[in-house]
Amino acid sequence: MDRPVFVLTSASTFSGGEDVAYTLQAHGRAVVVGETTRGGAHPTARHAVTEHILVTVPTARTINSVTGTNWEGVGVVPELPVPADQALDTALKAIAGA
């Protein structure tokens, strides 16, 4: 494919949205633009310990076939880091310059 792909992220991007951004970035298929994401790669299960205490326990680990790792705790770091409200304009300028 020869069309540019840009994925826009923010500090609120989490879990499945991060998976899309990370996977496309790792495969060299997309440029991530925006803010570093929240860093939630491991699916979890919640267990009530008491009425007021809830424990969240990872139940799996996402491993990318290209990097051998994931974005847990660090987030997806954009190639074009900008505040989220500037991500679309930045991507459009990058497309125009491509």
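What you are looking at is a predicted structure, and each value in this text was computed from that prediction instead of being measured. (Residues numbered from 1 in each chain as written. Predicted model: local features only at pLDDT ≥ 70, side-chain atom pairs only at ≥ 80, totals over all residues. Heavy atoms only, no water.)

Caption draft 1: Summary view of the side chain of Ser10. Structurally, Ser10 can be placed in the loop between strand 1 (6-9) and helix 1 (16-26). Within polar-contact distance, the side chain of Ser10 engages the backbone nitrogen of Ser12 at 3.0 Å. When near neighbours in sequence (up to four residues on either side) are disregarded, Ser10 contacts Glu35, Thr36, Thr37 and Ala84. (Helix = DSSP H or I, 4+ residues; strand = E, 2+ residues; numbered from the N terminus. Polar contact = N/O pair within 3.5 Å; in protein donor to acceptor, adjacent residues only side chain to side chain. Contact = heavy atoms within 4.5 Å.)

Caption draft 2: Region of interest: the side chain of Asn70. When you line up the elements, Asn70 lands in the loop between strand 4 (54-58) and strand 5 (80-81). At 2.6 Å, the side chain of Asn70 and the backbone oxygen of Thr62 are in polar contact. Every residue in contact with Asn70, bar those within four places of it in the chain, is listed here: Tyr22, Ala41, His42, Arg61 and Thr62.

Caption draft 3: Examining the pairing of strand 3 (residues 44-48) more closely. Pairing geometry for strand 3 and strand 4, over five bridges, is antiparallel. Counted as the bridge partner of Arg46 is Thr56 from strand 4. (Pairing = 2+ DSSP bridges.)

Caption draft 4: Spotlight on the packing of aromatic side chains. Scanning all chains against the criterion turns up one aromatic pair. Each ring, one from Tyr22 and one from Trp71, has its centre 5.1 Å from the other, and the planes form 45°; the classification is tilted. With Tyr22 in helix 1 and Trp71 in the loop between strand 4 and strand 5, this residue pair connects regions lying 49 residues apart in the sequence. Taken individually, Tyr22 and Trp71 each receive the classification buried, so the pair is uniform in this respect. Over the ring of Phe14 we find Arg38, and its NZ or CZ is 4.1 Å from the ring centre. (Phe/Tyr/Trp six-rings, centres within 6.5 Å; stacked < 30°, edge-to-face > 60°. Buried < 20%, exposed > 50% of the residue type's maximum accessible area, 1.4 Å probe, protein only. Lys NZ or Arg CZ within 6 Å of the ring centre and 35° of its normal.)

Caption draft 5: Focus on a nonpolar patch on the surface. A cluster of nonpolar residues, Leu8, Leu88, Leu92 and Ile95, forms a patch on the protein surface that exposes about 350 Å² of accessible area. Looking at which element gives the most residues to the nonpolar patch, the answer is helix 2 (residues 87-97), with three residues. In this fold, Ile95 is placed in helix 2. (Patch = residues over 30% accessible without salt bridge, like charges linked within 9 Å, V, L, I, M, F, W, Y side chains within 5 Å. Areas by Shrake-Rupley, 256 points an atom, 1.4 Å probe, with all protein chains shown as cover. Salt bridge = Lys/Arg side-chain N within 4 Å of Asp/Glu carboxyl O.)

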